[in-house]
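# Observations on chain architecture
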Amino acid sequence: MPLINVEFADHIGTVVMNHAEKRNALSNALIEEMLGAIQHFNQTGARVIVLRAPPGSRVWSAGHDVSELPDRGRDPLGWGDSLRVVIRAIQQSPAPVIAHIEGSVWGGGCEVALACDILVATRDASFAITPAKLGVPYNLGGVLTLMNMVPHPVLREMLFTARPIPAQQAFNLGMINAICEASEIDARVADMAQAIAANSPLSIAAMKEEIRLLAGAHSVSPELFERVQALRRTVYDSHDYQEGLDAFREKRKPVFCGH
């Protein structure tokens, strides 16, 4: 059974994450289907892509599928990790991607949402960035995606506490474009998508790429990159990283000891 549903009409492509059993966790299989849909939309001339969960969902995405994370000793978020690949696909797609958000957004799902060009959420939506709950070392690309969307003091709080913030706070901070009632969100997203689709796709694609390039125009020396990688290596080689994974698998609270 497919893990996503795909629709295409009037130059608007829609990807519906539909793996309720795992609360739309970003498994390799789900991401592979999502990547295929994005690639298909790019090839067939979609002018807008909408990424959503089924109507009425309580969880938009539970984030990275933790059951697929490697045990200690291997980088869980390397360049070729499926989460990193789908983030790049969203950012590099010439068509703007609208995140249509109902329910809570967790972990890697939060980065996927914030990688989208426009976010529209229901009032009961919430956003949490949770690597610290698992002892996962986020990488530079992921942190940059978040830094470009979240004010730095708030980002530090979200990363360090792993607590969710409500949609209203996210809207007030400029993280999302609009909030509305659940009964109104389909119409709100459709109106925005139609407005984008009516404009020049070449102009929009060029401006989207300009924004992406300028947002990522941060100079990082080889020495600084190696220092960050060494810090991350210390994390994913640690007892705490393995403890976070084991606790998740055993459905208990982790006990971190700092080594």
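The model shown is predicted, which means the values in this text are computed figures rather than measured ones.

What follows deals with the side chain of Thr-14. By the element assignment, Thr-14 lies in strand β2 (residues 12-17). Judged by its relative accessible area of 12%, Thr-14 is buried. Leaving out residues up to four positions away in the same chain, Thr-14 has contacts with Asn-5, Val-6, Glu-7, Phe-41, Val-50 and Arg-52.

Looking now at the sheet that holds strand β9 (residues 165-166). As summarised here, the arrangement of the 4 strands in space is β4-β6-β8-β9, forming an open sheet in which the pairing is mixed. The two strands at the open ends of the sheet, each matched to only one other strand, are β4 (59-61) and β9. Sheet strands touched by helix α3 (residues 107-115): β4, β6 (104-106) and β8 (126-128). Its angle to β6, the strand with the most contacts, is close to 105°.

Among the secondary structure elements, His-19 is positioned in the loop between β2 and α1 (28-43). Residue contacts for His-19: discarding those within four places in its chain leaves Leu-3, Asn-24 and Leu-30.

Turning to helix α2 (residues 82-92), its buried residues are Ser-82, Leu-83, Arg-84, Val-86, Ile-87, Arg-88 and Ile-90. Between the side-chain oxygen at the start of α2 and the backbone nitrogen of Leu-83 there is a gap of 2.9 Å, and the oxygen is on Asp-81.

This brings us to the sheet that holds strand β10 (residues 178-180). One open sheet accounts for 6 strands, arranged β1-β2-β3-β5-β7-β10; its pairing is mixed. In this open sheet, the two edge strands, each paired with only one partner strand, are β1 (4-9) and β10. Neighbour-to-neighbour, the strand axes of the sheet open up by a mean angle of 15°, direction not taken into account.

Quick notes on the rules
- Residues numbered from 1 in each chain as written.
- Predicted model: local features only at pLDDT ≥ 70, side-chain atom pairs only at ≥ 80, totals over all residues.
- Heavy atoms only, no water.
- Helix = DSSP H or I, 4+ residues; strand = E, 2+ residues; numbered from the N terminus.
- Buried < 20%, exposed > 50% of the residue type's maximum accessible area, 1.4 Å probe, protein only.
- Contact = heavy atoms within 4.5 Å.
- Pairing = 2+ DSSP bridges.
- Axes fitted to C-alpha atoms, helices over the stretch in contact; angles between N-to-C directions.
- Polar contact = N/O pair within 3.5 Å; in protein donor to acceptor, adjacent residues only side chain to side chain.

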